[in-house]
Structures are given as structure tokens and as C-alpha cells.
Amino acid sequence: MIRVKESILKALLKNDSSENILLNSFYIFLPNKKNWKEKGIIFGVCLLPSCFMIYSHNIVELFGNVCNTLLSAFLSLFGIIFTGFVFFQALLNDNLLIMLIISKSEKGRKEKSKLEEVNNSFVSLMMLYIIAIVVCLALTVTVPCIPEDFILLSSTQISNFVAFILILVFYMFSAELLWRVLSFIRNIYVLFNAYAVSRLTDLTDIEEGK
């Protein structure tokens, strides 16, 4: 009989609110020793287009086009991630379920199963993509209404600086979500390997039973 730690079962049955799940999802944006290179690359990639946009003459039109493009990308990727999550649930058989529960996660100090880690990864990513879709939709509707000569503050230089920071934050938020598609692909890869092992176990049991 397979024994599962009570703490792992309690973690799986924990009834977190949507607010807590969303709040925990934002931890991926925090820099640490393991991801400082990744954050540096994202910052460098987002810095140049932010500078170019601030000094362009048609900043409102350009930013509106960017928001529209990102909205289309986020909608498509959300559909792919949601389909992957549903497909993962469909693949769960008895052996795979046991395998994911007894396998420990390699991330973080808190003890949790691989099943909890994968579930949290999928749900957190989908929550962030929903936020990104809402933000891009709001910007797509709002930005075209802003006149080209609009000045946020009395000083043009301060207005440009504030606009630069806001655009940079938006770009980094969007780039982080696009980067997270890599972790989604990794999860799919791990799950397919685990499913293959579970199917091989089933076939071995069938052969031994003959």
C-alpha cells in the first residue's frame, strides 16, 4: 500500500481564494539569485523599445498598436495554456496520479508534491494571462482616445519620464509572461514523460498477468 504524507494531502485539499492564488502568482516577477540573469535579459530587451517609443512623434498610435498586438498574442497563448491544462487532467490515470503525488517538487523549501507544483504553475500562469488580457483590452480601448499632444504633468520632461517608466513596466510585465511559456512547455514535457512511464508500468503489469 502506498503511503502519502498528510501534509501533502492537506496541501492538495487547501481551499485558497482566487485573491490568494493571484497574489502568489505575482511572485514570479520578484528577482532572486536564481533568476537574476533572466530578469536582466528581460530588462535589457524592454529598455530599448521603451526609449525609442518615448522619443517617437506618434507615441499614442505606436503604443496602441503594441497593445493590440499583445492582446492577440495573450488571447492565443491563453487558449493554448488552457488546452494544455485540460489535456493534462485528461491524461491523469491511477499510476500517473500516484507518481506525481509521491514525487517531491524541486522548487522552494516547502515540501510539496509534483502534482501540486504542476497544478499551481498552470493555474498561476492562466490567472496572470487573464490579468494581461484585461489590461491590454483596457489600453486598446483607452489609448486611441488620447490626443497626441497630451501632457500628463506640467513639465514635459517629467511627463516623458513618467510615461517611460509606465511603458517599461508594461513591457517587462508582458515579456515576463511571454518568457513563462518556456516553463509551460517544460511542464508539458515532464508530464508526457511521466505519462509514458505510467503507461509502460501498465503494460508491464498486463504482460506479467498473462
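Thoughts on the overall build of the chain
When its secondary structure is counted, the chain shows 8 helices and 0 strands. For the chain, the N- to C-terminal ordering of α and β elements is α-α-α-α-α-α-α-α. Within the span of the chain, comprising 210 residues, buried residues form 31% of the whole. Carbon and sulfur atoms make up 67% of the accessible area of the chain, which totals about 13700 Å².

Quick notes on the confidence of the model for the chain
Averaged over the chain, the pLDDT score is 80; the fraction of residues at 70 or greater is 82%. The secondary-structure element of the chain with the lowest mean pLDDT is helix H1 (residues 6–13), recorded at 57, while helix H4 (residues 59–91) shows the highest, at 90.

With respect to the packing of helix H6 (residues 114–142) against helix H7 (residues 156–179)
Put simply, H6 and H7 touch, their axes get as near as 11 Å, and they point 140° apart. As judged from the angle between their axes, H6 and H7 are oblique. The chirality of how H6 crosses H7 is left-handed. Of H7, the residues touching H6 (which contributes Leu 128, Tyr 129, Ile 131, Ala 132, Val 135, Cys 136 and Leu 139) are Phe 170, Phe 173, Leu 177 and Leu 178. Of the residues contributing to the contact of H6 with H7, the split by class is 11 nonpolar, no polar and no charged.

Topic: a nonpolar patch on the surface
On the surface, Ile 41, Val 45, Trp 179, Leu 182 and Ile 185 cluster together into a nonpolar patch covering about 480 Å² of accessible area. Listed by contribution, the elements that provide at least two residues to the nonpolar patch are helix H3 (36–54) and helix H8 (181–209). Assignment of secondary structure puts Val 45 in helix H3. Residue Val 45 is classed as exposed on the basis of its relative accessible area, which comes to 55%.

What to know about the side chain of Lys 39
As for its position among the elements, Lys 39 is in helix H3. When sequence neighbours within four positions are dropped, the list of residues in contact with Lys 39 reads Ile 28, Phe 29, Leu 30, Pro 31, Glu 176 and Arg 180.

A closer look at the pattern of salt bridges
Evaluation of the coordinates by the stated rule reveals 3 salt bridges. Measuring nitrogen to oxygen at the nearest pair gives 2.9 Å for the salt bridge that ties Lys 39 to Glu 176. Taken together, the positions of Lys 39 in helix H3 and Glu 176 in helix H7 put the pair 137 residues apart, joining distant regions of the chain. Summarising the burial analysis for this pair, Lys 39 and Glu 176 share the class buried. In this structure, Glu 176 and Arg 180 form a salt bridge, with 3.1 Å as the shortest nitrogen-oxygen distance. Of the two residues, Glu 176 and Arg 180, neither departs from the other in class, the shared state being buried.

What about the packing of aromatic side chains?
The description of two aromatic rings rests on the distance between their centres and on the angle between their planes. Counting across every chain of the model gives 8 aromatic pairs. Geometrically, the ring pair formed by Phe 87 and Phe 192 is tilted, given 5.9 Å between the ring centres and 50° between the ring planes. Within this pair, whereas Phe 87 is found in helix H4, its partner Phe 192 is found in helix H8, the two being separated by 105 residues in sequence. The partly exposed category is assigned to Phe 87, whose relative accessible area is 42%. The class for Phe 192 is partly exposed, based on a relative accessible area of 37%. Between Phe 170 and Tyr 171, the aromatic rings sit 6.3 Å apart at their centres with planes inclined by 40°, giving tilted as the arrangement. Each member of the pair, Phe 170 together with Tyr 171, is buried. Three or more aromatic residues joined by ring pairs form one cluster here, namely Phe 63, Phe 170 and Tyr 171.

So, how was this worked out
Residues numbered from 1 in each chain as written. Predicted model: local features only at pLDDT ≥ 70, side-chain atom pairs only at ≥ 80, totals over all residues. Heavy atoms only, no water. Helix = DSSP H or I, 4+ residues; strand = E, 2+ residues; numbered from the N terminus. Buried < 20%, exposed > 50% of the residue type's maximum accessible area, 1.4 Å probe, protein only. Areas by Shrake-Rupley, 256 points an atom, 1.4 Å probe, with all protein chains shown as cover. pLDDT = per-residue confidence, 0-100. Axes fitted to C-alpha atoms, helices over the stretch in contact; angles between N-to-C directions. Parallel < 35°, antiparallel > 145°, perpendicular 65-115°, else oblique. Left-handed = near helix turned anticlockwise from the far one by under 90°. Contact = heavy atoms within 4.5 Å. Nonpolar A, V, L, I, M, F, W, Y, C, P; charged D, E, K, R; others polar. Patch = residues over 30% accessible without salt bridge, like charges linked within 9 Å, V, L, I, M, F, W, Y side chains within 5 Å. Salt bridge = Lys/Arg side-chain N within 4 Å of Asp/Glu carboxyl O. Phe/Tyr/Trp six-rings, centres within 6.5 Å; stacked < 30°, edge-to-face > 60°.

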